[in-house]
Amino acid sequence: MPLKELTNNVLDAFSKRNQKRMRKVNDQILEALMSSFSAEMFRLAVISYVLSKILAKPRFYGRAYREGMYRLEQVLQHMVRVSGSREKYSTALDNLEETVRGMESEDPRFVKSLMEKGRLKTAAILYAQGMSLSLASELTGVPKQDIMDYSGKTMMADRVMDTVSMKERIKSAKRIFG
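Residues numbered from 1 in each chain as written. Predicted model: local features only at pLDDT ≥ 70, side-chain atom pairs only at ≥ 80, totals over all residues. Heavy atoms only, no water.

## A word on the pattern of salt bridges
In step 1: Taken as a whole and judged by the stated rule, the model has seven salt bridges.
In step 2: For Lys16, the salt bridge goes to Asp12, with nearest N and O atoms at 3.1 Å.
In step 3: Taking the relative accessible area as the measure of exposure, Lys16 reaches 59% and is therefore exposed.
In step 4: For Asp12, a relative accessible area of 29% translates into the label partly exposed.
In step 5: Between Glu40 and Arg86 there is a salt bridge, with its nearest N and O atoms 3.0 Å apart. One end of the pair, Glu40, is in helix α3 (residues 39-56); the other, Arg86, is in helix α5 (residues 86-105), and 46 residues separate them in sequence.
In step 6: On the basis of relative accessible area, Glu40 is assigned to the buried category, the value being 12%.
In step 7: Shared partners join several salt bridges into a network, and the residues in it are Arg43, Asp94, Glu97, Glu98 and Arg101. (Salt bridge = Lys/Arg side-chain N within 4 Å of Asp/Glu carboxyl O. Buried < 20%, exposed > 50% of the residue type's maximum accessible area, 1.4 Å probe, protein only. Helix = DSSP H or I, 4+ residues; strand = E, 2+ residues; numbered from the N terminus.)

As structure tokens, this is what we get:
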């Protein structure tokens, strides 16, 4: 599925404040990520996870976060429009991440930021779906030990149904590294 379509799906789920739909969109992005990894797609997977967490928390619907929620929606709309330009899309992703960090700074309850947790969980899902630990770590920038710890504590590999055969792993690695 193309980046623009996936970004539009994220925007649609967020605009409707539909956390369940956002989780499904995250699954679609992860599926696309396994077959064709890109930095933008990885960051979109992290963002969709983070937005699903935001949508699940009632406090983010309060008056204190109204401006931040509006800003997130505006940036997502911009991302759909600029999805053909890697540079503009990446800048929009930076803006979205900064908005999330700003919203989190108002409520510092988390040991790990939502963005850090999103990166870790996304890397762990890629590993659980059959990507090698080394490749998942290299592509996402998440340390191997963190991925293994998270995967082990959550028993993620036992819960992920869609695994990738060795043949598909090799094909995927060849596509990524040319």
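## Details of the nonpolar core
In step 1: With 53 residues, the main nonpolar core has Leu51, Ile54, Met69, Leu72 and Met79 as its most contacted residues.
In step 2: Only α1 (3-15), α2 (19-35), α3, α4 (66-81), α5, α6 (114-128), α7 (133-140) and α8 (144-154) provide two or more residues apiece to this core.
In step 3: Looking at this core, the element that brings in the most residues is α3, giving eleven residues.
In step 4: Each residue touching Met79, except ones within four places of it in the same chain, is listed here: Thr7, Leu44, Tyr89, Ala92, Leu93 and Leu96. (Core = buried A, V, L, I, M, F, W, Y, C linked by side-chain atoms within 4.5 Å. Contact = heavy atoms within 4.5 Å.)

## A word on unusual backbone geometry
In step 1: Despite not being glycine, Arg17 has its phi angle at roughly 55 degrees, a positive value.
In step 2: Considering the arrangement of structural elements, one finds Arg17 in the loop between α1 and α2.
In step 3: Arg17 gets classed as partly exposed once you look at its relative accessible area, which sits at 28%.

## A closer look at the confidence of the model for the protein chain
In step 1: Summary statistics for the protein chain give a mean pLDDT of 87 and a share of 86% for residues scoring 70 or more.
In step 2: When the elements of the protein chain are averaged for pLDDT, helix α9 (residues 156-159) gives the smallest value, 55, and α1 the largest, 97. (pLDDT = per-residue confidence, 0-100.)

## So, the packing of α3 against α6
In step 1: Following both chains from N to C, one finds α3 and α6 inclined at 120 degrees, their axes separated by 9 Å at the closest point. Compared by their axis directions, α3 and α6 come out oblique. In this structure, the crossing between α3 and α6 has a hand that is right-handed. Seen from α3, the contacting residues are Phe42, Ala45, Val46, Ile47, Tyr49, Val50, Lys53 and Ile54; seen from α6, they are Leu114, Met115, Lys117, Gly118, Arg119, Lys121, Thr122 and Ala123. (Axes fitted to C-alpha atoms, helices over the stretch in contact; angles between N-to-C directions. Parallel < 35°, antiparallel > 145°, perpendicular 65-115°, else oblique. Left-handed = near helix turned anticlockwise from the far one by under 90°.)

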